[in-house]
Amino acid sequence: MYSAKINHLFVVGISHRSAPLEEREKFHLSEAQVLSLLREFRARGICSIFPLVTCNRVEIYSGEAIPGEVVSVLCNMTGNKPEVFYNFGYILQGELVVEHLFHVAVGLDSRLTGDAQITGQIRQARKQALAAGMRLRPELNRLIEAAVAAGKKIRSETGYNTGAHSLSHAAIRYLKTNHILKKHSRVLLVGTGKMGRLALKSLLKEVPASNITLINRRREKAAALAAEFGLHTQQYTQLRQAVSAADIILVATAACEPLFTAASLSNIALYNKTFVDLSVPRNVEPGLPATVVDIDQIGLCHAEEQQSYIRHAQRIISETVREYQDWLKRYELAQTITAELHSSIFDNHLDKDTPEVSSRFLEKITFNHLRHFQKVKQSSYLVSG
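The structure presented is a predicted model; accordingly, all values stated were derived computationally and were not measured.

### Structural notes on the pattern of salt bridges
So, point 1. Tallied over the entire structure, the rule returns 17 salt bridges.
So, point 2. A salt bridge links Asp109 to Arg57; the nearest nitrogen and oxygen atoms lie 2.9 Å apart. Here Asp109, found in the loop between helix H5 (95-105) and helix H6 (118-131), pairs with Arg57, found in strand S3 (residues 57-62); they are 52 residues apart in sequence, far enough to count as distant. Of the two residues, Asp109 and Arg57, neither departs from the other in class, the shared state being buried.
So, point 3. If you follow the salt bridges from partner to partner, you end up with Arg17, Arg57, Glu59 and Asp109 in one network.

This is the structure in structure tokens:
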């Protein structure tokens, strides 16, 4: 049983489970927009907000029951009408939030089951919220910590803690499985951030380094990565020439508008080229006269491996949920004791700092509540048994 204290927890979100890519990318938040969103909530006096933004989801968790206001702020920030969100998004409250965040953290709610990056993304999102001045309610803060712990545990026990279980790796596997990527393929990788680096590591297992070219807006980043792995680089201004020479173009950039459009690539033969767009919002125009693969088309892990992971993850979720429920009971008990102490001190006209508040007085109140908590705990064991 959950404490009633979680009833004010809720999440406003849109993800790959509720909306196609063309709809959810409309609500995607850049890092600058996340900071603006947090500042907006602080200006409204709302300080228990935790946004989680990944390739496949935009979710805003809160410890204050104001889902309508959160939807309004999100829509204003992204230039959408609220009815668009309500058509494709979702609002969860109370225990549904707890169950949902645990499923997200262990990779059961990801498009790629066992996604190795999600735990780190949750941890970084919490760090960002706190740095922006958020004061997360204890129930929400503890929930985030517990979810991250569950995610770390499942990955350490199953080995899903490397880039081999990432979207980037899945993209390379998709190209290989569909006989698009061959040993002699000429590959252009545009974008050398974390997603690009993971894609490169998987790519190097399939094609020689001499067949890979890197391009990044900041030339020095591409040059450093190229030197590390012995790759070619080209200037960003040479993007058209690089596309013309490549068979496969992997796009892992973070532009707000498509970089690759029919107009920008005019007079280049594209019919025999494959673009793999790992970006959200998409950086490859959907109508491009080429083969275009986006993140919703990239295959999941093999069924047998997937089912084994799901069973393991569900066991860990059950264990961690029970631990979180126990913490909620202890937290509620501590609050009850504190409240009764303050009340008793006031009723007896005692100042809490005076010696008249004897240890026997405090022990009596504490004992009564500990006895009550022990009965509750025993009852839960009897029920679960």
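### Section: the packing of helix H8 (residues 167-177) against helix H9 (residues 194-203)
Two measures define how a pair of helices packs: the angle their axes make with one another and the distance between the axes.
So, point 1. Running from N to C, H8 and H9 point in directions that differ by 40°, and their axes come no closer than 8 Å. When the axis of H8 is compared with that of H9, the two are oblique. Remark: the crossing between H8 and H9 carries right-handed chirality. Every residue of H9 that contacts H8 at Leu167, Ser168, His169 and Ile172 is listed here: Met195, Leu198, Ala199, Ser202 and Leu203.
So, point 2. Here the residues of the contact of H8 with H9 are counted per class, giving six nonpolar, three polar and no charged.

### Focus: the environment of Ala105
So, point 1. Within the secondary structure, Ala105 sits in helix H5.
So, point 2. For the pair Ala105 and Gln117, spaced 12 residues apart in sequence, the C-alpha to C-alpha distance is 9.4 Å.
So, point 3. Beyond its immediate stretch of four places on either side in the chain, Ala105 contacts Ile118, Thr119, Ile122, Ala147, Val148, Gly151 and Arg155.

### Some words on the packing of aromatic side chains
Where two aromatic rings form a pair, the distance of their centres and the angle of their planes describe that pair.
So, point 1. One pass over the full model with this rule turns up six aromatic pairs.
So, point 2. Between the aromatic rings of Phe260 and Phe275, the centroid separation amounts to 5.7 Å while the plane-to-plane angle is 55°, which identifies the pairing as tilted. With Phe260 in the loop between strand S8 (248-251) and strand S9 (274-277) and Phe275 in strand S9, this pair connects stretches of sequence that are 15 residues apart. Residue Phe260 shares its accessibility class with Phe275, and that shared class is buried.
So, point 3. Through a chain of ring-to-ring contacts, the aromatic side chains of Phe27, Phe85 and Tyr86 assemble into a single cluster.

### Let's talk about the sheet that holds S3
So, point 1. Read from one edge to the other, the open sheet built from four strands follows the order S2-S3-S1-S4, with strand pairing classed as antiparallel. At either margin of the open sheet sits one strand with a lone partner, and together these are strand S2 (49-54) and strand S4 (90-93). Averaged over all adjacent pairs, the angle separating strand axes in this sheet is 15°, with direction ignored.
So, point 2. Looking at chain direction, strand S1 (residues 10-15) and S4 are connected through four bridges and run antiparallel. For Gly13, the partnering residue across the bridge sits in S4 and is Tyr90.
So, point 3. Strands S1, S2, S3 and S4 of the sheet are contacted by helix H3 (residues 67-78), whose axis makes an angle of about 40° with S1.

### Description of helix H10 (residues 219-229)
So, point 1. Turning to H10, its buried residues are Ala222, Leu225 and Ala226. Each buried residue of H10 sits inside an arc of 100° when the element is viewed along its axis, so together they form one side.
So, point 2. Structurally, H10 contributes buried residues whose contacts are with H9, strand S6 (212-215) and strand S7 (232-233).

### Here we look at the environment of Leu52
So, point 1. Turning to its location among the elements, Leu52 is positioned in strand S2.
So, point 2. On the accessibility criterion, Leu52 (0% relative accessible area) is buried.
So, point 3. For the pair formed by Leu52 and Gln124, sequence separation is 72 residues and the distance between their alpha carbons is 9.0 Å.
So, point 4. Once you skip the residues sitting within four places of it in the chain, Leu52 turns out to touch Arg57, Val58, Glu59, Tyr61, Val104, Gln121, Ile122 and Ala125.

### Here's the deal with the pairing of S8
So, point 1. Burial of the side chains of S8 extends over both faces: Ile248 and Leu250 are buried on one face and Ile249 and Val251 on the other.
So, point 2. Relative to S8, strand S5 (residues 187-190) is paired through four bridges, and the arrangement is parallel. Within the sheet, the bridge partner assigned to Val190 lies in S8 and is Val251.
So, point 3. Note: S8 against S9, four bridges, orientation parallel. When the sheet's bridge partners are listed, Ile248 is paired in S9 with Thr274.

Conventions used here
- Residues numbered from 1 in each chain as written.
- Predicted model: local features only at pLDDT ≥ 70, side-chain atom pairs only at ≥ 80, totals over all residues.
- Heavy atoms only, no water.
- Salt bridge = Lys/Arg side-chain N within 4 Å of Asp/Glu carboxyl O.
- Helix = DSSP H or I, 4+ residues; strand = E, 2+ residues; numbered from the N terminus.
- Buried < 20%, exposed > 50% of the residue type's maximum accessible area, 1.4 Å probe, protein only.
- Axes fitted to C-alpha atoms, helices over the stretch in contact; angles between N-to-C directions.
- Parallel < 35°, antiparallel > 145°, perpendicular 65-115°, else oblique.
- Left-handed = near helix turned anticlockwise from the far one by under 90°.
- Contact = heavy atoms within 4.5 Å.
- Nonpolar A, V, L, I, M, F, W, Y, C, P; charged D, E, K, R; others polar.
- Phe/Tyr/Trp six-rings, centres within 6.5 Å; stacked < 30°, edge-to-face > 60°.
- Pairing = 2+ DSSP bridges.
- Arc of directions from axis to C-beta.

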